[in-house]
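Spelled out, the chains give:
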Amino acid sequence: MIIICVALEAELPDFSMNGYTVIYTGVGKVQAATALAKSLCHFHKPIEIWNYGTAGGVSGISGLHEVGAFLQRDMMAEPQAPRGSIPFTEPLLGEIQTSKQGIRCGTGDSFVMAADPWFEQQNIDCVDMEGWALAYVAQQYNIPFRSFKYISDMADENAMEDWTTNVANGAEIFTEKVRNGV
């Protein structure tokens, strides 16, 4: 079985396929991590954990992309650790690589509606609100993790309106990708 974590049902409504279990985690890192950890207590260990959801594009990308790495864009504990890293961890816990190559995503508990120079410095392609936390839980349980992000907006002053209009647009593309063996 593969668990697919999705923040909101509006992002992936009516998904049903043999071998896959969808859990709707809620929005944000704490909600996502808690929902996934709780589900791992109730299911047999899945062969993989996937994340599907919307993201704001910050590097001009559009469409559906697989994520290769996550950074925490709102972990700011300087001077104890560089932005994006958790201080007092050995080794310093920051960027998390997924099991596949792909774009770079900055995760944080804020809806991004403006540019941030740090995104460009870190080669961030998109921003979301759950991915890093889900990747971290999967890593802690030694379960392979993959993430797919549909770019719903450009993380700018129009982001909320664009996200509202486009939130469900990637569901069919993602579902078809799963049907075709990803």
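These notes cover the structure that comes with them. (Residues numbered from 1 in each chain as written. Predicted model: local features only at pLDDT ≥ 70, side-chain atom pairs only at ≥ 80, totals over all residues. Heavy atoms only, no water.)

**Observations concerning the layout of surface pockets**
Considering only enclosed or pocket space, the largest pocket measures out at about 240 Å³ in volume. Lining the largest pocket are 19 residues, with Thr54, Phe111, Asp128, Met129 and Trp163 positioned closest to its centre. Elements with a minimum of two residues in the lining of the largest pocket: β3 (48–57), β7 (126–128), β8 (145–153) and α4 (159–166). Ranked by residues supplied to the lining of the largest pocket, first place goes to β3 with three residues. Looking at side-chain class alone, the lining of the largest pocket contains ten nonpolar, four polar and five charged residues. (1 Å grid on protein atoms, 1.4 Å probe; cavity = no way out; pocket = protein on both sides within 12 Å on 5 of 7 lines; lining within 4 Å. Points joined across faces, edges and corners; volume = space filled by probe spheres on them. Helix = DSSP H or I, 4+ residues; strand = E, 2+ residues; numbered from the N terminus. Nonpolar A, V, L, I, M, F, W, Y, C, P; charged D, E, K, R; others polar.)

**What about a nonpolar patch on the surface?**
On the surface, a cluster of nonpolar side chains totalling about 250 Å² of accessible area is made up of Phe111, Met113 and Met160. Relative to the helices and strands, Phe111 is located in the loop between β6 (103–107) and α2 (117–121). (Patch = residues over 30% accessible without salt bridge, like charges linked within 9 Å, V, L, I, M, F, W, Y side chains within 5 Å. Areas by Shrake-Rupley, 256 points an atom, 1.4 Å probe, with all protein chains shown as cover. Salt bridge = Lys/Arg side-chain N within 4 Å of Asp/Glu carboxyl O.)

**Some thoughts on the packing of helix α1 (residues 29–42) against helix α3 (residues 131–140)**
It is at 8 Å that the axes of α1 and α3 come closest, and there the two elements cross at 30 degrees. Taken together, the axes of α1 and α3 are roughly parallel relative to one another. Handedness of the α1/α3 crossing: right-handed. When α1 is examined against α3, the residues Lys29, Ala32, Ala33, Leu36, Ala37 and Leu40 are found in contact with a partner set consisting of Ala133, Leu134, Val137 and Ala138. Of the residues contributing to the contact of α1 with α3, the split by class is nine nonpolar, no polar and one charged. (Axes fitted to C-alpha atoms, helices over the stretch in contact; angles between N-to-C directions. Parallel < 35°, antiparallel > 145°, perpendicular 65-115°, else oblique. Left-handed = near helix turned anticlockwise from the far one by under 90°. Contact = heavy atoms within 4.5 Å.)

**So, the pairing of β8**
Within β8, nine of the nine residues are buried, leaving the element largely enclosed by the surrounding structure. As paired elements, strand β4 (residues 63–72) and β8 share four bridges and run antiparallel to each other. The partner of Gly63 across the bridge, within β8, is Ile151. (Buried < 20%, exposed > 50% of the residue type's maximum accessible area, 1.4 Å probe, protein only. Pairing = 2+ DSSP bridges.)

**Regarding the nonpolar core**
With 26 residues, the main nonpolar core has Cys5, Leu36, Leu40, Ile49, Phe70, Cys126 and Phe145 as its most contacted residues. Tallying contributions element by element places α3 first for this core, with six residues. Look past the residues within four positions of Cys126 in its chain and what remains in contact with it is Ala55, Gly56, Gly57, Val58, Ile61, Ile103, Arg104, Cys105, Gly106, Lys149 and Ile151. Formed by 14 residues, the second largest nonpolar core is a distinct cluster that contains Val6, Tyr52, Leu64 and Val178. (Core = buried A, V, L, I, M, F, W, Y, C linked by side-chain atoms within 4.5 Å.)

**Some points on the state of the cysteines**
One pass over the full model with this rule turns up zero disulfides. Distance from the sulfur of Cys126, which forms no disulfide, to the nearest cysteine sulfur (Cys105) is 3.6 Å. Here Cys126 falls in the buried class, since its relative accessible area comes to 0%. (Disulfide = S-S within 2.5 Å.)

**Concerning unusual backbone geometry**
Between Glu78 and Pro79 the backbone carries a cis peptide bond, its omega angle lying at 15 degrees. Assignment of secondary structure puts Pro79 in the loop between β4 and β5 (96–97). A cis amide bond, omega -10 degrees, links Glu90 with the succeeding residue Pro91. Locating Pro91 in the fold gives a position in the loop between β4 and β5. Within the chain, Phe88 stands out as a residue other than glycine whose phi angle is a positive 65 degrees.

**Brief notes about the side chain of Glu11**
Considering the arrangement of structural elements, one finds Glu11 in the loop between β1 (2–6) and β2 (20–24). Among buried Asp, Glu, Lys and Arg side chains, Glu11 stands out as unpaired, with Lys149 the closest opposite charge at 6.4 Å. Within polar-contact distance, the side chain of Glu11 engages the side chain of Thr54 at 2.6 Å. (Lys, Arg positive; Asp, Glu negative; His and termini not counted. Polar contact = N/O pair within 3.5 Å; in protein donor to acceptor, adjacent residues only side chain to side chain.)

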